Amino acid sequence: MKLKLVYSFLILFTSLSAFARVKVADTVYENGGDGTLSGTVTDKADGKPIPGATISIPDLRTGTVTDVNGKYLLTKLPKGVYLVQVTFIGYGTVDKNIDFTRTSTWDIQLQASAIEAGEVVITGVSKATEIKRDPVPMAAVSKSYIDQHSASTNVIDEIANIPGVSAVTTGPNVSKPFIHGLGYNRVVTLEDGMRQEGQQWGDEHGIEVDQNSIDRIEVIKGPASLSYGSDAIAGVVNMLTPPPVDNGKILGSFTGDYGTNQGLLESSFRLYGNQNGLVWGTILSDKEAKDYQNQHDGRVYGTGYKEKDGRIMVGLNKNWGYSYLNASVYDDEQEIPDGSRDPFTRQFTRQVTDIDTFRPIVPQSVLNSYAITPLHQHVQLYRIYDNSSIALGSGNLLVNLGYEYSHRREYTHPTEPDVAGLNLHLSSYTYDIKYNFTLGNDYQTTVGINGQYQNNTIGDATDFPVPAYHQFDIGPFFIEKKSFGKLDLEGGARFDSRTITSQAAYIDTTIAFYPSLYTGPNPAGTANVMQQFTGFSKTFTGATGSFGATYNFSNAFLIKANIARGFRAPNIAELSANGPDPGSQEYHVGNTNFKPEFDVQEDLGAFLTLPNVSASIELFNNNIQNYIFQEQELNPDGTPVRNPLFPLYAVFTYTQTKARINGGELNLDLHPVKWLHFENSLALTYGTNLGNGSPVPDSLKYLPFIPPLHTHSELRGTFAKGFGSFRNVYGYLGFDHYNAQDRFFAAYGTETYTAGYNLLSAGIGGNVVNAKGNTVLKIFIEGTNLANVNYQSNMSRLKYFDNRVVQPGVQPGIFNMGRNVSFKVLVPFDLSPKQKSN
């Protein structure tokens with residue numbers, strides 16, 4: 001408790017220290033710079049002003065839009081060189097590095113273009129960088145993309161269609177990101193650059209982030225341990241909350257969303273303000289849904305949920321930099337499916353007693369109800385964090401401090417619905433400190449250190465899959481970036497250390513179905529008391545690095561290559577698990593003798609951008625040492641081994657091997673006319689178990705959860721000027737093809753063959769404006785699986801949820817969601833004080 005208070009004080013102290021800089025004398029500027037940037041954005045063809053163009057400075061998380069005369073003004077800018085980006089629908093993006101010490105005026109001419117290239121990212125780089133010029137493979141989605149894909153029921157599903165990115169799901173509201181076939185603790189998820197920690201090793205709960213609070217998502221597709229340490233062996237997903245609004249503005253919105261398949265009811269309120277650099281904001285969200293449905297299964301019992309979220313932000317944006325203090329809460333009640341059915345009618349059944357000798361059929365009234373079932377999980381995440389960037393000397397100091405408290409309970413006793421089967425309390429204290437500066441002849445340099453401290457406790461529960469433990473991570477690093485004409489080079493190195501110390505624990509099994517944690521004396525000599533965990537302390541270390549180059553043959557064509565080494569220490573479940581997991585219906589057994597995972601990934605990419613055509617190809621090859629995966633234990637007769645205390649749970653143990661994952665992505669976008677886009681992508685990933693020297697059996701040849709070949713084609717029309725009272729009108733028709741997955745981890749029946757399938761989607765929307773041209777309503781309609789196809793994804797855990805024995809001729813498992821149409825409306829409002837007329 002004392003550590004929690006001290007760390008919270010440090011977060012507040014960092015914010016207040018930054019706020020105190022308001023009293024410091026104004027920064028001295030030179031040669032015309034005065035801490036502002038102003039100008040006019042015009043059309044290069046006719047010289048007319050362009051209202052509504054966006055001018056942003058990603059590193060400072062600030063920006064503005066042009067007024068009706070195409071003019072803009074940015075104030076309170078710090079000294080230094082920063083990338084400024086100008087965008088507008090239907091025009092090519094303009095990116096330019098500007099020294100605010102010397103420049104205060106910049107007029108921009110935008111050129112009409114069917115291709116709006118020039119996407120910029122801030123994740124894993126020393127300064128904001130164009131995606132195509134950074135050698136590390138990356139991708140990003142914007143706020144407009146998120147809005148237009150309103151049928152996505154959680155924040156991870158919003159990026160699951162990016163080539164190279166997929167998601168392992170357990171129903172509509174539970175998704176874990178996978179990058180090139182790797183997920184869980186191999187992908188670091190961030191919110192505003194801060195690590196998201198909530199038992200990431202588990203697969204039965206999703207990422208604890210409100211999708212309504214995210215305006216942009218950036219993805220690193222490859223080892224990113226250089227910047228983020230252990231667990232970033234596959235990549236990073238960084239979810240960014242809204243930036244501050246313009247100075248003098250108070251802007252907000254009401255959002256409502258309805259989904260036809262689950263009867264999804266979702267609402268969100270947003271309000272942000274900025275008064276002379278004092279910025280603040282809040283977002284409140286609520287959503288609930290019934291069981292989802294498809295033609296094959298009807299409504300799928302145990303897939304409903306209720307989620308409530310809230311966040312507040314207050315900060316300063318001044319010429320010395322910025323500091324934003326954030327606090328948020330995530331509260332999700334999520335039902336737990338198990339797939340049990342009546343063997344004759346194939347209707348879903350439910351557990352009603354702990355002894356579980358009889359299961360009645362679930363009535364339609366329950367399947368169609370919004371009420372959460374007695375067997376469910378309750379996931380809560382409380383977070384407070386501060387992002388600060390302070391101009392210091394010739395560079396800027398970034399200090400990110402955060403505290404998270406994750407409380408996850410699974411209620412698995414039908415006759416005692418208030419007794420938690422699983423009850424985990426995880427406190428995480430994260431820190432990330434780095435200094436960006438220019439060294440010598442324009443070498444962009446970053447030196448830093450980051451890591452975390454975690455403390456996990458167990459107690460008032462009946463299931464104990466992992467022990468109480470604490471963990472400490474630390475990793476210093478440096479990154480260098482330099483351009484030599486057309487050649488951009490980037491590289492760096494890092495050393496990580498992770499120490500995990502677990503506590504021994506004993507379980508009292510006196511009461512059937514309700515074992516409890518034993519804390520009394522002489523556990524070895526007490527009846528019905530057994531040792532669940534032995535205590536241990538382990539330290540894992542590893543050196544990582546990255547080096548890459550981009551060669552710009554011209555503004556239209558470039559190639560880039562990168563090689564990176566990643567590091568991942570085994571997680572607590574892999575090391576010491578010895579208990580049931582109700583959410584997965586598995587009994588896990590860990591191994592304290594594991595070594596850390598290391599991987600080396602090579603990436604090669606080529607990018608072409610022409611006025612009406614853009615294309616890219618990216619290839620990767622990833623070799624992994626000490627790859628950890630689960631094997632199911634079998635009896636001599638081939639039947640699954642089951643734990644005596646939990647006879648319904650099959651026993652899974654962890655093991656290590658060498659592995660290789662390789663593949664690539666192809667993108668081809670055609671723009672025959674300005675308003676028409678024909679977008680195409682292909683993603684292919686192979687995962688192979690290389691073994692440890694001896695021949696690998698066919699059943700173990702492939703790695704689990706490897707996505708099949710996936711192609712996506714989309715015909716999209718965009719009309720910025722719109723029709724009548726409609727502006728920024730869009731419409732699209734999408735087609736997704738997923739090959740059959742016949743390269744699967746077949747051992748022990750862990751995975752089975754998955755048939756291929758095709759999905760059809762469509763969307764339409766736009767802004768409704770009043771006589772003055774101001775937006776009064778935004779409409780987004782999206783339909784997914786419009787042909788109502790019955791299909792099973794190999795990335796869905798529900799594919800394997802069914803009775804132990806299924807009647808011959810019956811396809812086992814649960815199918816994915818059927819047709820769903822989402823109707824989303826957003827009503828913006830402006831509470832800004834009226835400007836006084838002169």
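A. Broad picture of the overall build of the protein chain. In terms of regular secondary structure, the protein chain is built from five helices and 47 strands. Each principal axis of the C-alpha atoms in the protein chain carries an extent, and together these give about 85 × 55 × 55 Å. In the protein chain, which comprises 838 residues, the proportion classed as buried is 57%. Counting every atom, the protein chain has about 33,500 Å² of accessible surface; 59% of that belongs to carbon and sulfur.

B. Structural detail: the sheet that holds strand β31 (residues 505-508). Taken together, the three strands give an open sheet; going across it, the order is β32-β31-β33, and neighbouring strands pair in antiparallel fashion. Taken across any chain shown, the strands that pair with only one partner, and hence form the sheet edges, are β32 (516-518) and β33 (529-533). The average angle at which neighbouring strand axes cross in this sheet is 45 degrees, direction not considered. Looking at chain direction, β31 and β32 are connected through three bridges and run antiparallel. What sits directly across from tyrosine 506, in β32, is tyrosine 518.

C. Spatial organisation of the pattern of salt bridges. By the definition in use, this model includes 30 salt bridges. Among the ionic pairs, arginine 311 bridges to glutamate 191, the shortest N-O distance being 3.1 Å. With a gap of 120 residues between them, arginine 311 in strand β23 (residues 305-318) and glutamate 191 in strand β14 (residues 187-191) connect regions that are remote in the sequence. A relative accessible area of 3% means that glutamate 191 is categorised as buried. Two residues, arginine 383 and glutamate 404, come together in a salt bridge whose shortest N-O distance is 2.6 Å. A residue pair is termed long-range when its members are at least 10 positions apart, and arginine 383 in strand β25 (residues 376-392) and glutamate 404 in strand β26 (residues 395-411) qualify at 21 residues. Arginine 383 sits in the buried class, given a relative accessible area of 5%. Given a relative accessible area of 3%, glutamate 404 falls into the buried group. A network of salt bridges, in which partner residues are shared, links Lys143, Asp147, Asp215, Arg270 and Lys824.

D. Structural context of the pairing of strand β47 (residues 820-830). Across nine bridges, strand β18 (residues 250-259) lies against β47 in antiparallel orientation. Considered in β47, the bridge of threonine 255 is made with leucine 826. Direction of pairing for strand β46 (residues 775-784) relative to β47: antiparallel, over a ladder of seven bridges. Bridged to glycine 783 within β47 is valine 821.

E. Region of interest: the side chain of aspartate 802. Its place among the elements puts aspartate 802 in the loop between β46 and β47. Overall, aspartate 802 belongs to the buried group, its relative accessible area being 15%. At 2.8 Å, the side chain of aspartate 802 forms a polar contact with the backbone nitrogen of glycine 813. In this structure aspartate 802 touches Asp338, Gly339, Arg341, Arg346, Pro812 and Gly813, once residues within four positions along its chain are discounted.

F. Looking closely at the packing of aromatic side chains. Within the structure shown, the criterion is met by 21 aromatic pairs. Ring plane angle 15 degrees and centroid distance 4.8 Å describe the contact between tyrosine 322 and tyrosine 324, whose orientation is recorded as stacked. Both residues of the pair, tyrosine 322 and tyrosine 324, count as buried. Ring geometry for tyrosine 435 versus phenylalanine 437: centroids 5.3 Å apart, planes at 25 degrees, classification stacked. A network of ring pairs unites the aromatic residues Phe178, Tyr184 and Phe705 as a single cluster.

G. Highlighting unusual backbone geometry. Phi at arginine 61 takes a positive value of approximately 50 degrees, unusual for a residue other than glycine. Inspection of the secondary structure puts arginine 61 in the loop between β2 (54-57) and β3 (62-65). Classification of arginine 61 by relative accessible area gives buried; the value is 15%. Notably, arginine 346 is not glycine yet its phi reads approximately 65 degrees, a positive angle. Here arginine 346 lies in the loop between β24 (321-335) and α4 (364-367). Under the relative-accessibility criterion, arginine 346 is labelled buried at 17%.

H. A look at the pairing of strand β30 (residues 487-502). Pairing between strand β29 (residues 469-484) and β30: 14 bridges, direction antiparallel. Bridged to phenylalanine 472 within β30 is threonine 499. Between the end of β29 and the start of β30, which pair antiparallel, lie two residues, with glycine 485 showing a positive phi angle near 65 degrees. Direction of pairing for β30 relative to strand β34 (residues 536-552): antiparallel, over a ladder of 16 bridges. Note on β34: the bridge partner recorded for serine 502 is phenylalanine 536.

I. Representation of the sheet that holds strand β16 (residues 216-221). Pairing is mixed in the open sheet, where five strands are placed in the order β10-β16-β17-β14-β15. Both edges of this open sheet fall to β10 (138-141) and β15 (194-195), since each of them pairs with a single strand only. Of the pairings in the sheet, the one linking β14 to β15 comprises two bridges and is antiparallel in character. From the neighbouring strand, leucine 190 faces β15, where its bridge partner is arginine 195.

Rules used in this analysis
- Residues numbered from 1 in each chain as written.
- Predicted model: local features only at pLDDT ≥ 70, side-chain atom pairs only at ≥ 80, totals over all residues.
- Heavy atoms only, no water.
- Helix = DSSP H or I, 4+ residues; strand = E, 2+ residues; numbered from the N terminus.
- Buried < 20%, exposed > 50% of the residue type's maximum accessible area, 1.4 Å probe, protein only.
- Areas by Shrake-Rupley, 256 points an atom, 1.4 Å probe, with all protein chains shown as cover.
- Pairing = 2+ DSSP bridges.
- Axes fitted to C-alpha atoms, helices over the stretch in contact; angles between N-to-C directions.
- Salt bridge = Lys/Arg side-chain N within 4 Å of Asp/Glu carboxyl O.
- Polar contact = N/O pair within 3.5 Å; in protein donor to acceptor, adjacent residues only side chain to side chain.
- Contact = heavy atoms within 4.5 Å.
- Phe/Tyr/Trp six-rings, centres within 6.5 Å; stacked < 30°, edge-to-face > 60°.

Everything listed here is a matter of geometry and, on its own, says nothing about what the molecule does.
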